[in-house]
Amino acid sequence: MDNYFAWSQTNRQHLSVGAVILNSEGKILVHKLARIGGKYFLPKKTHSNGAALEQTLHNTEAETGYKTYIERYLGSRQSIFPDDNGNSVNKTTLYFLCSVVEQTQRDPEDRDADSELVWMDKSELIALMQEQGKTDNDLDESEILKSL
């Protein structure tokens, strides 16, 4: 069965669940991905049929190698990203503040396994994301970070 939360050629809507993961020093974990120009983004997963939001959020462990505890809901944001043909996909991401429980192993098969994971200060990350947002709407997650 198709995942009706993931975009398709006949459904231009997409739902993801994102994690704002803080370490004990108050730094935020982000991906830095060379294949998209070294841009930064928060961990997130596409929501799946029949899954609780918490279950989808906990799937970020595979992409980050960190088991987390959900502290609270932070809010949502709407963004737009292009598909492979340049057509717009409307994306809603629900974000949760999470704290690190323990470090585990990253899944080498995860879609973002080739990213560098970086711990960053909130203010530096907000500025970076605002700059990225000037050209990539989907990569400006700064409004969520401002709510911390």
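As the structure is a prediction and not an experimental result, all values here were calculated from the model.

About the criteria used
- Residues numbered from 1 in each chain as written.
- Predicted model: local features only at pLDDT ≥ 70, side-chain atom pairs only at ≥ 80, totals over all residues.
- Heavy atoms only, no water.
- Helix = DSSP H or I, 4+ residues; strand = E, 2+ residues; numbered from the N terminus.
- Expected span 1.5 Å × (residues − 1).
- Buried < 20%, exposed > 50% of the residue type's maximum accessible area, 1.4 Å probe, protein only.
- Arc of directions from axis to C-beta.
- Contact = heavy atoms within 4.5 Å.
- Phe/Tyr/Trp six-rings, centres within 6.5 Å; stacked < 30°, edge-to-face > 60°.

Caption draft 1: A look at helix α3 (residues 122-133). Its twelve residues place the ends of α3 16 Å apart at the C-alpha level, agreeing with the 16 Å of an ideal helix rising 1.5 Å per residue. Those residues of α3 not exposed but buried are Leu125, Ile126, Met129 and Gln132. Buried residues along α3 cover an arc of 130° about the axis, so they all sit on one side. Packing partners of the buried residues in α3 comprise β2 (28-33), β3 (39-41), β7 (116-120) and α4 (142-146).

Caption draft 2: Local environment of the packing of aromatic side chains. Counted according to the given criterion, the structure contains four aromatic pairs. Ring centres 5.0 Å apart and planes at 45° place the aromatic pair tyrosine 4 and phenylalanine 5 in the tilted group. With a relative accessible area of 23%, phenylalanine 5 lands in the partly exposed category. Between the aromatic rings of tyrosine 66 and tryptophan 119, the centroid separation amounts to 5.4 Å while the plane-to-plane angle is 80°, which identifies the pairing as edge-to-face. Of the two residues, tyrosine 66 is situated in strand β5 (residues 66-82) and tryptophan 119 in strand β7; the sequence distance between them amounts to 53 residues. Classification of tyrosine 66 as buried rests on a relative accessible area of 13%.

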